[in-house]
Amino acid sequence: MNKSLKAKILAFSIIGLISINSYVHSDNIKNTTHISATQTIEELEALKAENEKKIKQLQEEIKKSQEKYATIVEDEKAKLEYQETLNEKIALQNQNIDYVVNQIKQIDDDITENKNRILVIESDIFIKKAEIERSMQLFKQRLRVSYMSGNDNLAAVLTGSADFYDLLAKMELVSKIAERDDEMIDTLCTQLEELDELNKALAAKQNELETSMAESEDKKAEFDVLLEQLIKDNEKTQQELDSLQTDKQEIQVDIEAKESAIAQKEKEHEKFMADIAAAQEAIRIEQSKKAEESRKLEESRKAEESKRAEESRRAEESRKAEESKLAAQQSQKPAVTAPPATQAPPPVATTPATTQAVSSSQGFVWPVPGYYLPPTSYYGYRSFDNSFHKGIDLGQAGIAGAAIVAIADGVVVTAKSGCTHNWSKNYSCGCGGGYGNYVTIAHSDGTYSSLYAHCQSICVSSGQYVTQGQTIGYVGTTGYSTGNHLHFEIHKNGSTVDPLSLVSPY
């Protein structure tokens, strides 16, 4: 496990522990998300977006609740105004009822007072009637006596006078008696008439008072019915107000709960964002470290490549010098037809020359028997890096470990082995000047030589004589190699030529 992966796992593990603790404290909120150690930044961003969506939904719900709350408040306000109107109306009606009650009471008081007066008058009338009755009885008696005695009584009175003076006195007495009787009669008649008028007035007044009292009682009953209805309306309105108050309280509690949930969610969101920022910072630091390590590695690789290139250049110069020296030596003696006794090759696996046809005028055979697909890279300049490729690359699928054979008889000039870096890489491991394990052969004609690079292993040694088709190594990916293949070169008088102009698989 590399450092970068360890850092990421550590950062996300810390975030996971922090988020789990946050999740425990917010268990009362449904669908609460928390950061896991296995989540990526993209997943965390998705969770963040989900939280923001939930917060937005809660805010929409609060907005609707607030609108409903405002509606209820407005409705309650209208109800309160209606109730105030009712209360005012009831108060006025109560005042009216009080007025009517007071009127009725006043009327009752007046009737009572009038009745008391009537009783007094009736008592006076009764007394007067009694007096009149006594006077009438006396008057009747006198009339009856006068009637029974006739006019003689008067004459007797007159004749019975002693003298004229006595007569005049008696006549005056009689006249006064008569006048007294007439006055008494007139007074009694007047009193009777007044009493009759008074009785009629009292009766009319009493009748008027009784009628007014009946009307007041009716009005009072009417007001009582209206008052009862108003009280019922008031009670109903109060019940509606109580219901509205309950609804308002429930909505207020709901709003407070949602606001609390949003506050908790926002608090978790802030912590969530802080955790993401911490994770991103840890990753940024790790990426920075990795970039620095890559930069140093690249500098090291370039320095190593430069070093290996220099070694390769020197090895190439040495090889060319060796080939030139060998060619000069071979030009001074007849062509080699058989190996010297002292250079007999060790017993190694060989591929008989008869296993593949000689396919060139120089008599060369294909270097990897059985793998004849076109090269993966040709001789000449490469378009992707504008470098000159001195040979061809044979990298058919399944070629790893395939036998490499000598294309013709000759002497092994270089047998470089010891590279253990047999894996794909886009940099040079430094072995063999970038060729890894490789072999060069100076062929017996004295003109051509060949090079076989990136071998998994080789089975020949320097100075060894080999024959055409003999196995000299096996295909690998040592040195600067991105995959299993054979890098194959042909040199003519020390200069590279296109191998496909001299060898062919067919």
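A few points on the structure. Nothing here was measured: the structure is a model prediction, and the numbers come from that model.

**What to know about a negative patch on the surface**
At step 1: A cluster of like negative charges, contributed by Glu74, Glu81, Glu84 and Glu88, occupies part of the molecular surface.
At step 2: For Glu84, the position within the fold is in helix α2 (residues 41-149).

**Examining the nonpolar core**
One recurring pattern in soluble globular proteins: nonpolar side chains tend to sit buried together.
At step 1: Counting 28 residues, the largest nonpolar core has Val368, Val439, Ile441, Tyr452, Ile472, Leu486 and Phe488 as the members making the most contacts within it.
At step 2: Looking at this core, the elements with two or more residues in it are β3 (392-394), β5 (410-416), β6 (437-443), β7 (448-458), β9 (471-475) and β10 (486-492).
At step 3: The contacts of Phe488, once residues within four sequence positions are left out, are Pro367, Gly391, Ile392, Ile407, Ser450, Leu451, Tyr452, Pro499 and Val503.

**Some remarks on the environment of Leu500**
At step 1: You can see Leu500 is positioned in the segment after β11 (495-497).
At step 2: With a relative accessible area of 32%, Leu500 lands in the partly exposed category.
At step 3: Along the sequence, Leu500 and Trp366 sit 134 residues apart, while their C-alpha atoms lie 9.8 Å from each other.
At step 4: Residues within four places of Leu500 in sequence aside, it is in contact with Trp366, Pro375, Tyr378 and Ile392.

**With respect to the environment of Thr376**
At step 1: Relative to the elements of secondary structure, Thr376 occurs in the loop between α4 (164-331) and β1 (380-381).
At step 2: Exposure remark for Thr376: the relative accessible area of 54% places this residue in the exposed category.
At step 3: Once the C-alpha coordinates of Thr376 and Gly395 are considered, the two residues, 19 residues apart in sequence, prove to be 5.9 Å apart.
At step 4: Residues within four places of Thr376 in sequence aside, it is in contact with Asp393, Leu394 and Gly395.

**Quick look at the side chain of Lys425**
At step 1: Here Lys425 lies in the loop between β5 and β6.
At step 2: For Lys425, the side chain forms a polar contact with the main-chain oxygen of Gly479, separated by 3.1 Å.
At step 3: Every residue in contact with Lys425, bar those within four places of it in the chain, is listed here: Thr477, Thr478, Gly479, Tyr480, Ser481 and Thr482.

**Remarks on the pairing of β10**
At step 1: Counting buried residues in β10 gives 6 out of 7 residues, a clear majority hidden from the surface.
At step 2: Relative to β10, β3 runs antiparallel, the two sharing 3 bridges. Paired with Ile392 across the strands is Phe488, a residue of β10.
At step 3: Here 6 bridges tie β7 to β10, and the two strands are oriented antiparallel to one another. Its bridge partner being in β10, Ser449 is matched across the sheet by His491.
At step 4: The antiparallel pairing of β10 with β11 creates a hairpin that spans 2 residues between the two strands, and Asn493 there sits at a positive phi of about 55°.

Rules and cut-offs
- Numbers given for residues are sequential positions, taken from 1 along each chain in its written order.
- Only residues with pLDDT of 70 or above have their local features reported here, since the model is predicted, and side-chain atom pairs are shown and tallied only from 80 upward, although totals for entire chains, interfaces and linings are computed over all residues.
- To get the side-chain values, all heavy atoms of the structure are used, and hydrogens and water are removed first.
- Patches were defined on residues exceeding 30% relative accessible area and lacking a salt bridge, with like-charge contacts within 9 Å and nonpolar side-chain contacts (Val, Leu, Ile, Met, Phe, Trp, Tyr) within 5 Å.
- Accessibility throughout is a Shrake-Rupley quantity obtained with a 1.4 Å probe, and a residue counts as covered only by protein chains that appear here.
- Salt bridges are counted wherever a side-chain nitrogen of Lys or Arg sits within 4 Å of a carboxyl oxygen of Asp or Glu.
- In this charge count, Lys and Arg are treated as positive and Asp and Glu as negative; neither His nor the chain ends contribute.
- The location of each charge is read from NZ of Lys, CZ of Arg, CG of Asp or CD of Glu.
- To qualify as a helix, a DSSP run of H or I must reach at least 4 residues; to qualify as a strand, a run of E must reach at least 2; elements of each kind are numbered from the N terminus.
- Put simply, buried Ala, Val, Leu, Ile, Met, Phe, Trp, Tyr and Cys residues joined by side-chain atoms within 4.5 Å make one nonpolar core.
- Note on exposure labels: buried denotes an accessible area under 20% of the residue type's maximum, exposed denotes more than 50%, and partly exposed covers the range between, all computed with a 1.4 Å probe on protein chains only.
- Here, residues are in contact when the closest pair of their heavy atoms is within 4.5 Å.
- Pairs of N or O atoms are called polar contacts if they sit within 3.5 Å, as long as, within protein, a hydrogen donor faces a hydrogen acceptor (for residues adjacent in sequence, only side-chain-to-side-chain pairs).
- Strand pairing is assigned whenever DSSP detects at least two bridges linking the two strands.

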